[in-house]
Amino acid sequence: MPALDPGHSALVLVDLMERIVALTLAPHSGTDVLTAADRLAHAFRAAGAPVVHIRVERPGVDVQPPGSELVAALVHDGDPVVVKRTIGGFQGTGLHELLAERDVNTVVFGGIATNLGVESTARAAADLGYELVFAEDAMTALTADEHQASVRLDFPRLGTVAPVDAISLDGPE
């Protein structure tokens with residue numbers, strides 16, 4: 001896979017919240033996803049590319065369930081955080097405007113669950129014209145079958161699926 005231009009790329013991490021990462025997940029554990037996402041986030045930050053975190057809030061409740069915060073070690077000062085109240089991360093969140101302000105045209109995705117929050121956000125991103133890359137080992141689902149359906153059937157139709165180690169950033173040509 002060719003190196004991405006850090007001036008036009010962003011890493012978007014979906015729902016890497018304490019209570020979600022702690023679930024029984026497959027094919028990758030929450031801990032493994034965090035490790036892969038953190039490695040990718042460090043590469044993006046080092047190249048000057050934004051790392052955007054999305055977390056979900058349940059609408060219509062006064063207090064969110066315990067563990068609803070993002071995993072603290074993953075979020076660094078300056079990383080934008082977007083709060084969603086739907087499955088996908090674009091509806092009513094300002095995510096598109098945030099990416100447009102940073103001149104982003106390529107979005108790399110990671111998160112939990114592959115077939116829900118990640119896929120819903122990715123479909124909206126594709127509709128908005130973004131080039132998409134899916135960091136396969138920086139995402140997971142409740143079952144391996146759900147994860148595999150997204151990464152084998154759906155994501156290749158929307159963009160490029162690659163392991164974290166194959167995703168790199170480089171300066172503009």
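Caption draft 1: Broad picture of unusual backbone geometry. Residue Pro27 is bonded to the preceding Ala26 through a cis peptide linkage, with omega at 5°. Residue position: Pro27 is located in the loop between helix 1 (18-21) and helix 2 (30-46). Residue Ala113 is bonded to the preceding Ile112 through a cis peptide linkage, with omega at 5°. Positionally, Ala113 belongs in the loop between strand 4 (106-112) and helix 4 (114-127). Although it is not a glycine, Asp15 adopts a positive phi angle of roughly 55°. Counting through the fold element by element, Asp15 comes out in the loop between strand 1 (9-14) and helix 1.

Caption draft 2: Representation of the packing of aromatic side chains in the model. On inspection of all chains with the given rule, the structure shows three aromatic pairs. With a centroid separation of 5.9 Å and an interplanar angle of 20°, the aromatic rings of Phe109 and Phe134 are classed as stacked. Residue Phe109 is located in strand 4, and its partner Phe134 is located in strand 5 (residues 131-140); the two are separated by 25 residues in the primary sequence. Grouped by ring-pair contacts, the aromatic residues Phe109, Phe134 and Phe155 constitute a single cluster.

Caption draft 3: The sheet that holds strand 1, seen in detail. Sheet architecture is open: six strands sit in the order 3-2-1-4-5-6, paired in parallel fashion. Looking at which strands have only one partner, the edges of the open sheet turn out to be strand 3 (81-84) and strand 6 (160-162). Adjacent strand axes in the sheet meet at a mean angle of 25° when their direction is disregarded. Pairing analysis gives four bridges linking strand 2 (residues 51-56) to strand 3, with the strands arranged parallel. Bridging from a neighbouring strand, Arg55 pairs with Val83 of strand 3. Where helix 2 meets the sheet, its contacts fall on strand 1, strand 2, strand 4 and strand 5, and the angle it forms with strand 5 comes to roughly 140°. Across the face of the sheet, helix 5 (residues 144-158) comes into contact with strand 5 and strand 6 while running at roughly 170° to strand 5.

Caption draft 4: Just the pattern of salt bridges, in detail. If you walk through the whole model with that rule in mind, you get eight salt bridges. For Lys84, the salt bridge identified is with Asp15, shortest N-O distance 3.0 Å. Taken together, the residues span a long stretch of sequence, with Lys84 in strand 3 and Asp15 in the loop between strand 1 and helix 1 at a distance of 69 residues. Here Asp15 falls in the buried class, since its relative accessible area comes to 5%. A salt bridge links Arg55 to Glu57, with the nearest nitrogen and oxygen atoms 3.0 Å apart.

Scoring rules and cut-offs
Residues numbered from 1 in each chain as written. Predicted model: local features only at pLDDT ≥ 70, side-chain atom pairs only at ≥ 80, totals over all residues. Heavy atoms only, no water. Helix = DSSP H or I, 4+ residues; strand = E, 2+ residues; numbered from the N terminus. Phe/Tyr/Trp six-rings, centres within 6.5 Å; stacked < 30°, edge-to-face > 60°. Pairing = 2+ DSSP bridges. Axes fitted to C-alpha atoms, helices over the stretch in contact; angles between N-to-C directions. Contact = heavy atoms within 4.5 Å. Salt bridge = Lys/Arg side-chain N within 4 Å of Asp/Glu carboxyl O. Buried < 20%, exposed > 50% of the residue type's maximum accessible area, 1.4 Å probe, protein only.

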